[in-house]
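# Structure at a glance
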Amino acid sequence: MKLEIAFLYHDLMNIYGDRGNIITMTQRAKWRGIDVNVSSLTVGDKVDPDKYDFYFFGGGQDKEQYTVADDLQGETGRALKEAAANGAVFLTICGGYQLMGHYYRPDKGKDIPGIGVLDVYTVAGKKRCIGNVIVETEFGNLVAFENHSGKTFLGPKARPLGKSVVGFGNNAKDGQEGAIQGNVFGCYLHGSVLPKNPHFADHLLQLSLKRRYGNVELAPLDDSIEMAAHRAATKRAYATR
Ligand code: GLN
């Protein structure tokens, strides 16, 4: 089997260790004997919507988001919408998550348009939401780190990724974190999220392989080190918030 990964705006949208998610996806696939190819893409690159099984779109500050949003209003945005409609899997974090929605409204300056693949919108708040987080999801608990001023609200087509147990979550109001619509996942989970949440990584991997290969059984891995990291980060999250 082969897995094609697109690392969107790798040079602009990649903070707080977000690239670790690419490393985890690649390594967990390789350990199962799956070939992996990662294409690091940026502004001006052409995206072939049929090529990729898994797209990663990380976080970035408002300045980078303006640049990226411009690019997304053209051919790239159209390709990503087509890919999402055809079942490709997306993991999008923070600034990337916001741009998968309808728009991000910064504190100052004009709205930054998104591509509306997630039925969410984001408005900057006065207070930044920073700290370790725990989210209860259907894939198990996720532990990570958040740092955003944007407050994201879900429309009826998106469902939350989970319940915010520790941390601010989407908007510090409704107790929810992240959004899922089809195979598109958005969340505020930096850290990076996948290395210490291998159960979530495997869910995304399985889903990514489905498009070409149907239901694939993933051979179990020895996750003792990953789960030790998960437990340590969970303990720290409870202790620090
Ligand atoms: N500019 C966005 C915010 O602060 C995104 C930040 C990020 O990606 N970490 O809400």
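Everything in this summary refers to the structure shown in the same document. Along each chain, numbering runs from 1 in the same order as the chain's sequence is written. Selection of residues for local features in this predicted model requires a pLDDT of at least 70, selection of side-chain atom pairs for listing and counting requires 80 or more, and totals for whole chains, interfaces and linings are taken over all residues. With hydrogens and water excluded, all non-hydrogen atoms of the structure serve as input to the side-chain values.

## Considerations on helix α6 (residues 224-240)
Here is the rule: Under the DSSP-based scheme used, a helix requires at least four consecutive residues in state H or I and a strand at least two consecutive residues in state E, with every element numbered from the N terminus. One fewer than the residue count of a helix, multiplied by 1.5 Å, yields its expected span. Exposure is judged per residue with a 1.4 Å probe applied to protein chains only, and the accessible area is read against the type maximum: over 50% gives exposed, under 20% gives buried, and values in between give partly exposed. In this description, the arc belongs to the directions extending from the helix axis to the C-beta atoms. Contact definition: two residues touch when any of their heavy atoms are within 4.5 Å.
Here α6 spans 24 Å end to end across 17 residues, near enough to the 24 Å set by a 1.5 Å rise per residue. All buried positions along α6 are accounted for by Glu226, His230, Ala233, Thr234 and Ala237. What you see down the axis of α6 is that its buried residues fit within an arc of 105 degrees, all on one side. Turned more than 90 degrees away from the buried face of α6 sit Ile225, Arg231, Lys235 and Ala239, all of them exposed. On the buried face of α6, the contacting elements are α1 (20-30), β7 (120-137), β8 (140-154), β9 (162-166) and α5 (198-213).

## Some details on the nonpolar core
Across soluble globular proteins, nonpolar side chains show a tendency to be buried alongside one another. Quick note on the threshold: Think of a nonpolar core as a cluster: buried Ala, Val, Leu, Ile, Met, Phe, Trp, Tyr and Cys residues, connected wherever their side-chain atoms sit within 4.5 Å.
By size, the foremost hydrophobic cluster in this structure holds 66 residues, and its most contacted members are Tyr55 and Leu91. The element best represented in this core is α5, accounting for 6 residues. Aside from chain neighbours lying at most four places away, what touches Tyr55 is Ala6, Leu8, Val47, Asp48, Pro49, Leu80, Ala83, Ala88, Val89, Phe90 and Leu91. Ranked by size, the runner-up nonpolar core spans 5 residues in total, among them Ile134, Val143, Ala233 and Ala237.

## Considerations on the site of the ligand
Note the threshold: Note on terminology: near, applied to a residue and a molecule or strand, indicates that one of the residue's heavy atoms is within 4 Å of it. A 3.5 Å cut-off defines polar contacts: any pair of N or O atoms within that distance qualifies, except that in protein one atom must be a possible hydrogen donor and the other a possible acceptor, and neighbouring residues in sequence count only when both atoms are side-chain atoms. Residue polarity is assigned by list, with Asp, Glu, Lys and Arg as charged and Ala, Val, Leu, Ile, Met, Phe, Trp, Tyr, Cys and Pro as nonpolar; anything else, Gly included, falls into the polar class.
Around the ligand sit 16 residues, and of these Asp62, Cys94, Gly95, Gln98 and Gly150 come closest. At a separation of 3.1 Å, a nitrogen atom of the ligand approaches a polar backbone atom of Asn147. Within the contact set of the ligand, a nitrogen atom lies 3.3 Å away from a side-chain nitrogen or oxygen of His190. Mapped by element, the contributors of at least two residues to the shell around the ligand are α2 (62-72), α4 (95-100) and β8. Counted by class, the shell around the ligand contains 4 nonpolar, 10 polar and 2 charged residues.

## Focus on the side chain of Gln181
Turning to its location among the elements, Gln181 is positioned in strand β11 (residues 179-181). The exposure class of Gln181 is buried, given its relative accessible area of 18%. A polar side-chain atom of Gln181 sits 3.4 Å from the main-chain carbonyl oxygen of Val117. What Gln181 contacts, discounting residues up to four positions off in sequence, is Val117, Leu118, Asp119, Lys157 and Ala158.

## Examining the sheet that holds strand β4 (residues 89-93)
Basically, it comes down to this: Two strands are counted as paired when DSSP detects at least two bridges linking them. Lines fitted to the C-alpha atoms define the axes, with helices restricted to the stretch that makes contact. Angles between their N-to-C directions range from 0 to 180 degrees.
One open sheet holds the 6 strands; their spatial order is β2-β1-β3-β4-β12-β11, and the pairing between them is mixed. Of all the strands in the sheet, the pair left with one neighbour each is β2 (35-40) and β11. Between one strand and the next, the sheet's axes are offset by a mean angle of 15 degrees, whatever the strand orientation. Both strand β1 (residues 2-8) and strand β3 (residues 54-57) contribute to a ladder of 4 bridges, which runs parallel. The residue of β3 that forms the bridge with Ala6 is Tyr55.

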